[in-house]
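# Remarks on the overall topology
Chain by chain, the residues run as shown.
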Amino acid sequence: MMSITSDRVAGFCSIFFGLVLLFWLTPFATETVDYGWMRPKTLPDILAWILIFAGSALAGVPSEPAGINFLLFGKAVTYFVLIVLGLFAIAHFGYLLVAPLLALAIMLLLGERRWFWLFTGAVLVPAAIWLFIEILLSRPLP
Amino acid sequence: MVDLNIILAGFADAFTLHNLLFVLAGVALGQLVGAIPGIGPVMAMAIAIPFTFIIDPLPAIAFLVGINKGGLVGGAIPAVLINTPGTPDAAATALDGYPLAKQGKPQKATKMALYASVTGDTISDIVLITVAAPLAIFALKMGPVEIFALMIFAFSVIAGLIGKSVPKGIIAAALGLLCATVGLDPEHSTPRFYFGWFELYDGLPLASVAIGMLAISEVLRRLASNTGTVRPAIDYDASQSKEDRRISWAEYWSCRITMLRGAAIGTVLGALPGIGSTAAAFMSYAATKQSSKDPESFGKGNLHGIAAAESANSAVMGANLIPLLTLGIPGSVGAALIISAFVIHGIQPGPLLFEQQGRLVYGLFGAMVMANVANLILGQFGLRLWSRVVTAPESVIFSAAILLCIVGVSLSTGGLFGVAIMLIFAGFGFLMNMFGFSTVIFIIAFFLGPRFEISLSQTLVLLDGNLMGLTHYPLALALLVLSAISIWWLGIRGRNQSTNSQA
């Protein structure tokens, strides 16, 4: 019986994505053109087949029986969500208000508790970026 | 033939205190902006061009060239120190630079990057100064068919970077190529995979994809691996021996073949418009890794890896000016900005430039030589400063890196849409790393993709679909034979050797 390894998971994902690309994504997201040597769907179709074949090879003969580190994955997702929320906040409230809070949140989550470094990361660094971009380079910040 | 008096007069024009100050200012600004992910020297040049209206042509162009050259060194600094390439072409430098910095030798790693960068740049400048015209004629012979064969050759070099699992390497390359198909297709100009987002008509922005996959995904990995104890981003021991802080002459000299190879790859690719320094850096890295007696040490802090990448990406800069000065064709965005500075000052680059403005051209060459020296001197101070900065706690360094990436990508792509793309690719890059796929192969394929597809399309049209027609293109045939040799040499032979050494 086949064991579940990260390579097998990745291989099956590749096959699945190749099939989705071939039968749904490419027909949906490219225009039908019936002339020329390289049609809009030619390269995506070739790549879909490559993904299916290479995915089959990977799922069939995994090169290393490595597992998935769910703890690392969970922590990365937490930071990722925090940055995405920060980006949404920047889009609504602007860099000047959100950047110090985003930097502070990341530092606190990392375990930083020293006032000097918290001040440096949450106040001095965002202020230096603002000074350099908006004042020195005269470019608008988001 | 240009008169020797004109050459000497041009160099004499360049070597003045006035010009030297402009070159120094340009190099300092270039190193600073190059070290900020996403901003880079191109944006700094674009901002600086209006300010050069009020100065004479030579100092104006020297200033812009200084920014461009300074950016080459600056981009390597965050790549080596925090695995966050300041510019996409520095991504290959991070492969060995960052592991060496993590071993507590950040100064050694950045100094190797600096020396290799200046060496590669100087070699390509010498080629530019001495054989620009014949090289430009060679570059002009590269039509769509030859460019297609060159793209095949570039992809064949990826074989050297595939690593343990061939299917994973192929999947990474296929995904990179697939992402490159987003936007208008090259033959019919119909939109593909844009899902109603008109911002994607021009394709996925390189800055967003490269910084997301290489920089933010690495920051995410480092943040997630944190165990609750805040440590310095780089463990740097101030009392470490001199050998760990500097590059000895013996170490530099042992990299001479690597740097020469890198400079040759960078110069040839730089002379071809549109190929770019990212491809040159990775091709040089792959070639060096596979020709090494100890390929297993690459990716673990090998000085040759840093030297290969930096010499090649820096060599592209000088060579980019070959088609610009001789044919009036800019080889890159940076060269296009320099061409606009020429035009602003009433100078028309092209075949007659050496005859009509010979003195200015040789003055520019003099300024380039000065910029290389300035890069070396200013780099020594800058690298020492940056090496100290990254001894700050990783909480500060990584939060600053995230803010810089957000701001830099927002500026280079013109809004937060590019930042959103960056975050998507950061997540994707993290997953790829987690499952053991190479993000570097993905990026190379993504970078070469548009050029590959358009040249394939043009080739099929030119040959009317008959590949036997390739026999009429000897240069293309030679490149295809080289590709086959490269796949065997870099891929099959390299893997067999690696398997045998493990057994």
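Residues numbered from 1 in each chain as written. Chains lettered and ligands numbered in written order. Predicted model: local features only at pLDDT ≥ 70, side-chain atom pairs only at ≥ 80, totals over all residues. Heavy atoms only, no water.

### So, the overall build of chain A
To keep things clear, this is the line we draw: In this text, helices come from DSSP runs of H or I with a minimum length of four residues, and strands from runs of E with a minimum of two, each type numbered from the N-terminal end. Only the C-alpha atoms count toward the radius of gyration. The rule for a globule is 2.2 Å times the residue count to the power 0.38. Exposed residues in this analysis have more than 50% of their type's maximum accessible area, buried residues have under 20%, and partly exposed residues fall in between, with area computed by a 1.4 Å probe over protein chains only. Residue contacts are counted whenever heavy atoms from the two residues lie within 4.5 Å of one another. His is not counted, nor are the chain ends; Lys and Arg add positive charge and Asp and Glu add negative charge. Working definition for charges: the position is that of NZ of Lys, CZ of Arg, CG of Asp or CD of Glu.
Helix and strand content of chain A: five helices and zero strands. Counting helices and strands in the order they occur from the N terminus, chain A gives α-α-α-α-α. Against the 2.2 N^0.38 benchmark of 14 Å for 142 residues, chain A shows a C-alpha radius of gyration of 23 Å, more extended than a compact globule. Counting only residues that meet the buried cut, chain A has 40% of its 142 residues in that class. When contacts within chain A are restricted to residue pairs at least 6 apart in sequence, those whose partners lie at least 24 apart make up 58%. Computed over 7 positive and 7 negative side-chain charges, the inter-centroid distance for chain A is 8 Å.

### Quick word on the overall build of chain B
Going by this rule: Surface accessibility follows the Shrake-Rupley procedure with a 1.4 Å probe radius. Residue values consider only the protein chains on display as shielding.
Looking only at helices and strands, chain B has 21 helices and two strands in total. For chain B, the C-alpha atoms occupy an extent of roughly 65 × 65 × 50 Å along the three principal directions. Summarising the internal contacts of chain B: among those between residues at least 6 apart in sequence, 79% fall at separations of at least 24. Summed over its atoms, the accessible surface of chain B is roughly 18200 Å², and 67% of this surface lies on carbon and sulfur atoms.

### A few points about the pattern of salt bridges
Residues and elements named next belong to chain B. Quick note on the threshold: Every case where a carboxyl oxygen of Asp or Glu lies within 4 Å of a side-chain nitrogen of Lys or Arg is listed as a salt bridge.
For the coordinates displayed, the defined rule picks out 10 salt bridges over all chains. Salt-bridge contacts for Arg 192 lead to Glu 453; the nearest nitrogen and oxygen are separated by 2.8 Å. Of this pair, Arg 192 sits in strand 2 (residues 191-192) while Glu 453 is found in helix 20 (residues 439-462), placing the two residues 261 residues apart along the sequence. Across the pair, Glu 453 and Arg 192 agree in class, each one buried. The structure contains a network of salt bridges with shared partners spanning Lys 69, Asp 121 and Asp 125.

### Section: the side chain of Ser399(B)
Position of Ser399(B) among the secondary structure elements: in helix 18 (residues 394-413). A relative accessible area of 1% means that Ser399(B) is categorised as buried. If we skip the residues at most four places from it in the chain, Ser399(B) touches Ala103(A), Ile106(A), Met107(A) and Glu394(B).

### Regarding the interface of chain B and chain A
To keep things clear, this is the line we draw: Accessible-area loss on putting two parts together, using a 1.4 Å probe and summing over both, is the definition of buried area adopted here. Within 3.5 Å is the distance limit for a polar contact, defined as a pair of N or O atoms, with the added protein rule that one can donate a hydrogen and the other accept it, and that residues adjacent in sequence qualify only through two side-chain atoms. Polarity classes work like this: nonpolar for Ala, Val, Leu, Ile, Met, Phe, Trp, Tyr, Cys and Pro, charged for Asp, Glu, Lys and Arg, and polar for all others, with Gly in that last group.
Listed by partner, the interface residues are 64 residues for chain B and 67 residues for chain A. Across the chain B/chain A interface, buried area totals approximately 5700 Å², and carbon plus sulfur atoms make up 83% of it. Linking chain B with chain A are one salt bridge, by the criterion used here. The partner of Asp7(A) in a salt bridge is Lys168(B), and the shortest N-O contact between them spans 2.7 Å. In this structure, the connection of chain B to chain A is made through nine residue pairs in polar contact (both at pLDDT 80 or more). Secondary structure elements with two or more residues in the side of chain B that touches chain A: helix 2 (17-34), helix 8 (166-180), strand 2, helix 9 (206-225), helix 18, helix 19 (416-434) and helix 20 of chain B. Take the side of chain B that touches chain A: its biggest share by element is 12 residues, from helix 18 of chain B. Split into classes, the residues belonging to the side of chain B that touches chain A amount to 42 nonpolar, 13 polar and nine charged.

### Quick look at the domain arrangement of chain A
Formally: Domain limits in this description derive from either an automatic procedure or a database domain assignment.
Its domain assignment divides chain A into domain 1 (6-60) and domain 2 (70-136). Taking only C-alpha atoms into account, the centre of domain 1 of chain A sits 38 Å from that of domain 2 of chain A.

### Focus: the environment of Leu325(B)
With respect to the helices and strands, the residue Leu325(B) is situated in helix 14 (residues 303-327). C-alpha separation for the pair Leu325(B) and Gly305(B), spaced 20 residues apart in sequence, amounts to 32 Å.

### Here's the deal with the packing of aromatic side chains
Residue and element names in this part refer to chain B. Heads up, the condition is: Ring pairs are drawn from Phe, Tyr and Trp, using the six-membered ring of Trp, whenever the two centres fall within 6.5 Å, and their geometry is named by plane angle: stacked under 30 degrees, edge-to-face over 60, tilted for the rest.
Applying the stated criterion across every chain, the model contains 21 aromatic pairs over all chains. Measuring from centroid to centroid gives 6.3 Å for Phe 11 and Tyr 362, while their planes differ by 50°, and the two rings are tilted. Remark: Tyr 362 occurs in helix 17 (residues 358-389) and Phe 11 occurs in helix 1 (residues 4-14); sequence separation between them is 351 residues. In terms of burial, Phe 11 and Tyr 362 fall into one category: buried. Considering the side-chain rings of Tyr 115 and Tyr 252, the 6.5 Å spacing of their centres and the 85° angle between planes classify their relative orientation as edge-to-face. Taken together, the residues Tyr 115 in helix 6 (residues 106-140) and Tyr 252 in helix 11 (residues 249-254) connect sequence positions 137 residues apart.

### Quick notes on the nonpolar core
Residue and element names in this part refer to chain B. The test is simple: Joining through side-chain atoms within 4.5 Å is the link that ties buried Ala, Val, Leu, Ile, Met, Phe, Trp, Tyr and Cys residues into a set, and such a set is a nonpolar core.
Formed by 87 residues in total, the largest nonpolar core has its most connected members in Leu 325, Phe 342, Phe 365 and Met 422. With 12 residues, helix 18 is the largest single contributor of residues to this core. Beyond its immediate stretch of four places on either side in the chain, Phe 342 contacts Ile 61, Leu 324, Leu 325, Ile 347, Pro 349, Leu 360 and Leu 364. In this structure, Leu 204, Ala 312, Met 432 and Leu 456 belong to the second largest nonpolar core, which totals 79 residues.

### What about helix 9 of chain B?
All names here are of chain B. Keep this limit in mind: Expected span of a helix, by definition, is 1.5 Å for each gap between consecutive residues, and there is one gap fewer than residues. To obtain the bend at a residue, axes are fitted to the seven residues ending there and to the seven starting there, and the angle between these axes is taken.
Here helix 9 spans 28 Å end to end across 20 residues, near enough to the 28 Å set by a 1.5 Å rise per residue. Taken as a whole, helix 9 carries its principal kink of about 40° at Gly 212. Taken across its 20 residues, helix 9 has 17 buried, putting it largely inside the fold.

### As for the packing of helix 9 of chain B against helix 18 of chain B
Residues and elements named next belong to chain B. Put simply, the rule is: A fitted line through C-alpha atoms represents every axis, and for helices the fit uses only the stretch in contact; the resulting angles, taken between N-to-C directions, go from 0 to 180 degrees. By definition in this entry, angles of less than 35 degrees are roughly parallel, angles greater than 145 are roughly antiparallel, angles of 65 to 115 are roughly perpendicular, and the rest are oblique. If you view the pair so one helix is near and one far, a crossing is left-handed when the near helix is turned anticlockwise from the far one by less than a right angle, and right-handed when it is turned clockwise.
Two numbers describe how helix 9 lies on helix 18: the axes approach to 11 Å, and their chain directions differ by 165°. By the angle between their directions, the pair helix 9 and helix 18 is classed as roughly antiparallel. Judged by the twist between their axes, the crossing of helix 9 over helix 18 is left-handed. Only Glu 394, Phe 398, Ala 401, Ile 402, Cys 405, Val 409, Ser 412 and Thr 413 of helix 18 make contact with helix 9, whose side of the interface consists of Ala 207, Ser 208, Ile 211, Ala 215, Ile 216, Val 219, Arg 222 and Leu 223. Among the residues making up the contact of helix 9 with helix 18, the classes are represented as 11 nonpolar, three polar and two charged.

### Thoughts on unusual backbone geometry
All names here are of chain B. The backbone of Ser 189 shows a phi angle near 55°, a positive value even though the residue is not glycine. Positionally, Ser 189 belongs in the loop between strand 1 (183-184) and strand 2. The residue Asp 464 is not glycine, and still its phi comes out positive at about 55°. Checked against the element boundaries, Asp 464 lands in the loop between helix 20 and helix 21 (474-502).

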